[in-house]
Amino acid sequence: MASATQRIPSKRQTLDEAYAPPANFLEIEVINPITHGVGKMRYTDYEIRMRSNLPVFKQKESSVRRRYSDFEWVRAELERDSKIVVPTLPGKSLKRQLPFRSDDGIYEEEFIENRRKALELFINKVAGHPLAQNERSLHIFLQETTIDKNYVPGKIRTA
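Figured I'd write up the structure that's included with this text. Everything numeric here is computed off the predicted structure, so don't read it as measured data. (Residues numbered from 1 in each chain as written. Predicted model: local features only at pLDDT ≥ 70, side-chain atom pairs only at ≥ 80, totals over all residues. Heavy atoms only, no water.)

**A closer look at helix α2 (residues 68-81)**
A turn of α-helix holds 3.6 residues, and therefore any two residues three or four places apart point the same way.
Item 1. With 14 residues, α2 extends 20 Å from end C-alpha to end C-alpha; this agrees with the ideal 20 Å at 1.5 Å per step.
Item 2. All of the buried residues along α2 are Tyr68, Asp70, Phe71, Trp73, Val74, Arg75, Glu77 and Leu78.
Item 3. For α2, the elements touching its buried residues are β1 (26-36), β2 (43-52), β3 (61-67), α3 (109-127) and α4 (136-143). (Helix = DSSP H or I, 4+ residues; strand = E, 2+ residues; numbered from the N terminus. Expected span 1.5 Å × (residues − 1). Buried < 20%, exposed > 50% of the residue type's maximum accessible area, 1.4 Å probe, protein only. Contact = heavy atoms within 4.5 Å.)

This is the structure we're talking about:
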């Protein structure tokens, strides 16, 4: 009986192993916000830069630009198609969109930076979930230049 609960001896880790690249990694940054257009045609988009060695991602590095509405799209798709609880997005900030404001509203640098941080936290939580990593919508969001909203939902198959 004692042998069944005996501790498995651990192997000492070498310095090379400790400082080697991680076995599996997924890094996603939301960076370089740019505001485009004027008046009602104005919007801000962000660069989504991804690096990974996970076999489920066909591209090991990618960089795409996404706006807030694209984050809403991927959240809605994952909520509908996957079995995971999808975290909430940072709010729409409707008060900041009202006309006749004395500031730039949703185009103020501080607001854009706070939203960028919140979007980065959101996409890292979502993409870090093993079930979400198999969803086609997440792959489209992270790696395709344009989002095909007529895509066929489904799972990504690894070879």
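Next comes the rest of the write-up.
**Some thoughts on the pairing of β1**
Item 1. Taken together, the 9 bridges between β1 and β2 define a ladder with antiparallel strand orientation. Pairing of Ile34 across the sheet is with Asp45, part of β2.
Item 2. Between β1 and the antiparallel strand that follows it, β2, lie 6 residues; Gly37 among them carries a positive phi value of about 75°. (Pairing = 2+ DSSP bridges.)

**So, the packing of α3 against α4**
Item 1. Where α3 meets α4, the closest approach of the two axes is 12 Å, and the angle between their N-to-C directions is 140°. One finds that α3 runs oblique with respect to α4. Between α3 and α4 lies a crossing whose hand is left-handed. Here Ile123, Val126 and Ala127 of α3 lie close against α4, whose contacting residues are Leu138, Phe141 and Leu142.
Item 2. Of the residues belonging to the contact of α3 with α4, the class tally is 6 nonpolar, no polar and no charged. (Axes fitted to C-alpha atoms, helices over the stretch in contact; angles between N-to-C directions. Parallel < 35°, antiparallel > 145°, perpendicular 65-115°, else oblique. Left-handed = near helix turned anticlockwise from the far one by under 90°. Nonpolar A, V, L, I, M, F, W, Y, C, P; charged D, E, K, R; others polar.)

**Re unusual backbone geometry**
Item 1. For Asn32, which is not glycine, the phi dihedral falls at a positive 50°.
Item 2. Looking at the element boundaries, Asn32 is found in strand β1.
Item 3. Taking relative accessible area as the criterion, Asn32 reaches 41% and is therefore assigned partly exposed.

**Concerning the packing of aromatic side chains**
Item 1. Summed over all chains, the structure comprises 3 aromatic pairs.
Item 2. Taking 4.9 Å as the distance between ring centres and 70° as the angle between the ring planes, the aromatic pair formed by Phe71 and Phe141 counts as edge-to-face. Taken as a pair, Phe71 in helix α2 and Phe141 in helix α4 lie far apart in primary sequence, 70 residues in all. Both residues of the pair, Phe71 and Phe141, count as buried. (Phe/Tyr/Trp six-rings, centres within 6.5 Å; stacked < 30°, edge-to-face > 60°.)

**Some points on the sheet that holds β1**
Item 1. On the basis of which strands lie adjacent, the open sheet formed by 3 strands has the order β1-β2-β3 and antiparallel pairing. At either margin of the open sheet sits one strand with a lone partner, and together these are β1 and β3. On average, adjacent strands in this sheet sit at an angle of 20° to one another, irrespective of strand direction.
Item 2. Sheet topology places β2 next to β3; 7 bridges connect them, and they run antiparallel. Looking across to β3, one finds that Ile48 is bridged to Val64.
Item 3. Here α3 sits on the sheet and contacts β1 and β2; the angle it forms with β1, its principal contact strand, is near 150°.
Item 4. Of the strands in this sheet, β1, β2 and β3 touch α4, which is tilted by about 90° from β3.

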